[in-house]
Amino acid sequence: MHDELRVVAGDCTTTFDGRSEREHRGDVVAVVKPDGTVLVHDADGYQPVEWLTRAESVQFVDGILDARDGDQRLRVEVHDEHGSARHPVSRAGVPVGDCPDCARLADAGASTDRSGTLVLARGTVTCHDCDESYSVPRDVAVIEETCDDCGLPLMRAERGAAFEVCLDRDCESLDERVREAFDRAWDCPESDCEGDLRILRRGGLIAGCEHYPDCDTGFGLPNGLLDGTCDCGLPVFETPTGRRCLDSGCDRVA
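Here the structure is a predicted model, which is why all the values come from computation and not from measurement. (Residues numbered from 1 in each chain as written. Predicted model: local features only at pLDDT ≥ 70, side-chain atom pairs only at ≥ 80, totals over all residues. Heavy atoms only, no water.)

## Thoughts on the overall build of the chain
The helix and strand inventory of the chain stands at 2 helices and 20 strands. For the chain, whose C-alpha radius of gyration is 26 Å, the value lies well above the compact-globule estimate of 18 Å for 254 residues. With the principal axes as the frame, the chain shows a C-alpha extent of 80 × 55 × 35 Å. Scored against the burial criterion, the 254 residues of the chain give a buried share of 36%. Sequence separation of 24 or more characterises 35% of the internal contacts of the chain that already satisfy a separation of 6 or more. Accessible surface for the chain amounts to roughly 14900 Å². Of this, 42% is attributable to carbon and sulfur atoms. Treating the 27 positive side-chain charges of the chain as one cloud and the 53 negative ones as another, the clouds have centres 3 Å apart. (Helix = DSSP H or I, 4+ residues; strand = E, 2+ residues; numbered from the N terminus. Rg over C-alpha atoms; globule rule 2.2 N^0.38 Å. Buried < 20%, exposed > 50% of the residue type's maximum accessible area, 1.4 Å probe, protein only. Contact = heavy atoms within 4.5 Å. Areas by Shrake-Rupley, 256 points an atom, 1.4 Å probe, with all protein chains shown as cover. Lys, Arg positive; Asp, Glu negative; His and termini not counted. Charge placed at Lys NZ, Arg CZ, Asp CG, Glu CD.)

Quick look at the structure:
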């Protein structure tokens with residue numbers, strides 16, 4: 001569900017205690033965000049006259065809004081309230097497509113006014129209406145094409161090759177696609193090891209020796225496309241920052 005934002009407007013005295021002490025009086029609007037951030041705006045500009053970011057506690061009792069965070073305190077005393085309200089609020093993001101779950105409800109004749117817009121914000125694609133969400137790696141692009149199975153947008157990732165997979169990892173796994181392409185494709189570079197490099201997930205995707213823990217050789221797969229072979233024998237990747245060996249510490253790239 002959407003979070004809630006609270007707005008209070010009125011003739012107020014605003015005081016801030018912390019590293020400094022400040023006081024303001026005037027007709028202002030106080031906004032309390034779901035994360036505890038409190039903003040107090042007057043008639044001028046976009047900058048609040050006072051604020052407290054992500055307060056540990058926020059209370060509004062008997063016409064006094066009191067927000068505290070450590071030794072900082074923001075207090076808004078409402079002398080004459082012009083109005084107050086609570087509104088649903090969500091993250092705003094870049095539209096990337098339509099939510100197939102909301103579309104199926106509408107097609108089935110369900111009584112709904114959902115628009116089902118999917119938005120991308122802070123590494124997550126979320127439906128604006130039903131709140132279904134999907135995490136997206138920071139170096140992956142969401143594209144216009146949709147999944148044939150579930151209808152969600154596809155994302156394009158470069159992990160040695162370009163892979164277009166569904167946003168929903170339960171529908172289609174990027175890990176499995178990369179594993180199918182490159183599992184055992186390269187030899188372990190250790191001279192006394194005859195193992196292959198397997199595609200594994202250890203925090204991120206890595207190419208790690210199959211003989212772990214006896215051989216702990218492993219390299220994170222970079223964001224890029226294969227572009228030849230390094231003098232050390234490992235593959236070279238063309239990345240957004242230039243050509244590099246699979247081994248980020250190798251300086252033998254031709």
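The discussion continues.
## Concerning the pattern of salt bridges
Under the defined criterion, the tally for this structure stands at 17 salt bridges. We note a salt bridge from Arg68 to Asp66, for which the minimum N-O separation is 2.7 Å. Across the pair Arg73 and Asp66 runs a salt bridge whose closest N-O atoms are separated by 2.7 Å. Via salt bridges that share partners, Asp66, Arg68 and Arg73 belong to a single interconnected network. (Salt bridge = Lys/Arg side-chain N within 4 Å of Asp/Glu carboxyl O.)

## Thoughts on the sheet that holds strand S10 (residues 124-127)
The sheet built from 4 strands is open, its strands ordered S8-S9-S10-S11 with antiparallel pairing. For this open sheet the edge positions go to strand S8 (94-98) and strand S11 (133-135), each flanked by a neighbour on one side alone. Averaged over all pairs of adjacent strands, the angle between their axes in this sheet comes to 25°, without regard to strand direction. As judged from the 4 bridges shared by strand S9 (residues 117-121) and S10, these two strands associate in the antiparallel manner. (Pairing = 2+ DSSP bridges. Axes fitted to C-alpha atoms, helices over the stretch in contact; angles between N-to-C directions.)

## A short note on the confidence of the model for the chain
Per-chain confidence: the chain averages 92 in pLDDT, with 96% of residues scoring 70 or above. Here helix H1 (residues 100-107) stands out as the element of the chain with the lowest mean pLDDT, 82, in contrast to strand S3 (residues 38-41), whose mean of 98 is the highest. (pLDDT = per-residue confidence, 0-100.)

## Thoughts on the packing of aromatic side chains
In total, this model carries 3 aromatic pairs according to the counting rule given. Ring plane angle 90° and centroid distance 6.5 Å describe the contact between Phe163 and Phe182, whose orientation is recorded as edge-to-face. Taken as a pair, Phe163 in strand S14 (residues 162-166) and Phe182 in helix H2 (residues 174-182) lie far apart in primary sequence, 19 residues in all. No difference in accessibility class separates Phe163 from Phe182, as the two residues are buried. Consider the rings of Phe182 and Trp186, whose centres lie 5.3 Å apart with planes at 15°: the pair is stacked. Across this residue pair, the class does not change: Phe182 and Trp186 are buried. Here the aromatic residues Phe163, Phe182, Trp186 and Phe237 are joined through ring pairs into a cluster of three or more. The ring of Tyr212 has Arg202 sitting right over it, with the charged end atom 4.2 Å from the ring centre. (Phe/Tyr/Trp six-rings, centres within 6.5 Å; stacked < 30°, edge-to-face > 60°. Lys NZ or Arg CZ within 6 Å of the ring centre and 35° of its normal.)

## What about the pairing of strand S6 (residues 64-69)?
A regular strand carries its side chains on alternate faces of the sheet. For strand S5 (residues 57-61) and S6, the ladder comprises 5 bridges, and the chain directions are antiparallel. The residue of S6 that forms the bridge with Phe60 is Leu65. Linking S5 back to S6 in an antiparallel pair, the connection comprises 2 residues, with Asp62 at a positive phi of about 50°. Examined bridge by bridge, S6 and strand S7 (residues 72-89) share 6 bridges and lie antiparallel to one another. The partner of Asp66 across the bridge, within S7, is Arg75. If you look at the hairpin formed by S6 and S7, you'll find 2 residues sitting between the two strands, and Gly70 has a positive phi there, around 60°.

## A look at the sheet that holds strand S16 (residues 204-209)
Reading across from one edge, S15-S16-S17 is the order of the 3 strands in this open sheet, with antiparallel pairing throughout. If you trace the sheet from one side to the other, it starts and ends with strand S15 (197-202) and strand S17 (218-220), each paired once. Neighbour to neighbour, the strand axes of the sheet diverge by 30° on average, direction disregarded. By the bridge criterion, 3 bridges tie S16 to S17 in an arrangement that is antiparallel.

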